[in-house]
Amino acid sequence: MKKKKVSSRMIAFFSPKCNQTMLVFSKAARKAAMMLEGDVRVQSYETQVPIVINPSNIQTTGIRGQFFDVEWVSDFKVESVDGECYVLEAVGESELHKLVTAEKLELSRRHWNSEGYKWMVVVVEGE
């Protein structure tokens, strides 16, 4: 989960699976996209999926209050070949020790679970 910022540096690549140019915020997300491209169970995916958080719909314990005033995007919304949809967040292993990373991932998980989506995180080694 990343802050939605128009001025952020983006990584653009062409997705043969989605037949369009995709944009991601990080090298970890780019590596996760390569994984999705090679996964035969994945029909298609979207990047930079907007998150509209309503604090009254989720448990807010353990999440900084200012996080609820920020526009966020999730890395991927994935549709599998069997029609299942899920949200995937990509994080570099070097980010895992940071409290802010844990809070953002937990906020994403709580939000998407409240919306009825399966939620997953992929940890990208070396990032």
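Residues numbered from 1 in each chain as written. Predicted model: local features only at pLDDT ≥ 70, side-chain atom pairs only at ≥ 80, totals over all residues. Heavy atoms only, no water.

Regarding the layout of surface pockets
(1) Moving on: What the largest pocket holds in volume is close to 430 Å³.
(2) Moving on: Along its surface, the largest pocket is lined by 23 residues, and Met 1, Lys 2, Ser 26, Glu 95 and Lys 104 are the ones closest to its centre.
(3) Moving on: For the lining of the largest pocket, the elements supplying multiple residues, two or more each, are strand E1 (2–3), helix H1 (27–38), strand E6 (85–92) and helix H2 (99–114).
(4) Moving on: With 4 residues, H2 is the largest single contributor of residues to the lining of the largest pocket.
(5) Moving on: For the lining of the largest pocket, the per-class residue count stands at 10 nonpolar, 6 polar and 7 charged.
(6) Moving on: Estimated volume of the second largest pocket: approximately 230 Å³.
(7) Moving on: Asp 39, Arg 41, Val 42, Tyr 86 and Met 120 are the residues nearest the centre of the second largest pocket, which is lined by 15 residues in total.
(8) Moving on: Residue assignment for the lining of the second largest pocket shows that the elements contributing at least two residues are H1, E6 and strand E7 (118–124).
(9) Moving on: When residues in the lining of the second largest pocket are grouped by element, the largest group, 4 residues, is from E7.
(10) Moving on: Here the residues of the lining of the second largest pocket are counted per class, giving 9 nonpolar, 1 polar and 5 charged. (1 Å grid on protein atoms, 1.4 Å probe; cavity = no way out; pocket = protein on both sides within 12 Å on 5 of 7 lines; lining within 4 Å. Points joined across faces, edges and corners; volume = space filled by probe spheres on them. Helix = DSSP H or I, 4+ residues; strand = E, 2+ residues; numbered from the N terminus. Nonpolar A, V, L, I, M, F, W, Y, C, P; charged D, E, K, R; others polar.)

A few points about the pairing of E7
(1) Moving on: As paired strands, E6 and E7 are joined by 7 bridges and run parallel to one another. Across the sheet, the residue bridging to Glu 89 is Val 121, located in E7.
(2) Moving on: Crossover handedness for the path E6 to H2 to E7: right-handed. (Pairing = 2+ DSSP bridges. Right-handed = clockwise from strand over helix to strand, strands pointing away.)

What to know about the nonpolar core
(1) Moving on: Formed by 16 residues in total, the largest nonpolar core has its most connected members in Leu 36, Tyr 45, Phe 76, Val 78 and Leu 88.
(2) Moving on: For this core, the elements supplying multiple residues, two or more each, are strand E3 (20–24), H1, strand E4 (42–51), strand E5 (72–80) and E6.
(3) Moving on: At 4 residues, H1 tops the list of elements feeding residues into this core.
(4) Moving on: Core analysis: the next-biggest nonpolar cluster, separate from the first, contains 15 residues, Met 1, Phe 68, Leu 107 and Trp 112 among them. (Core = buried A, V, L, I, M, F, W, Y, C linked by side-chain atoms within 4.5 Å. Buried < 20%, exposed > 50% of the residue type's maximum accessible area, 1.4 Å probe, protein only.)

Let's talk about the packing of aromatic side chains
(1) Moving on: Taken as a whole and assessed by the stated rule, the structure comprises 3 aromatic pairs.
(2) Moving on: Plain terms: the ring middles of Tyr 45 and Phe 76 are 5.8 Å apart, the flat faces sit at 75° to each other, and that makes the pair edge-to-face. Placement of the pair is Tyr 45 in strand E4 and Phe 76 in strand E5, with a sequence separation of 31 residues. No difference in accessibility class separates Tyr 45 from Phe 76, as the two residues are buried.
(3) Moving on: Taking the centre distance of 5.3 Å and the plane angle of 90° together, the rings of Trp 112 and Tyr 117 count as edge-to-face.
(4) Moving on: On the basis of relative accessibility, which here comes to 5%, the residue Trp 112 falls in the buried class.
(5) Moving on: Using a relative accessible area of 24% as the deciding quantity, one classes Tyr 117 as partly exposed.
(6) Moving on: The ring of Phe 13 is capped by Arg 30, whose NZ or CZ atom sits 4.1 Å from the centre of that ring. (Phe/Tyr/Trp six-rings, centres within 6.5 Å; stacked < 30°, edge-to-face > 60°. Lys NZ or Arg CZ within 6 Å of the ring centre and 35° of its normal.)

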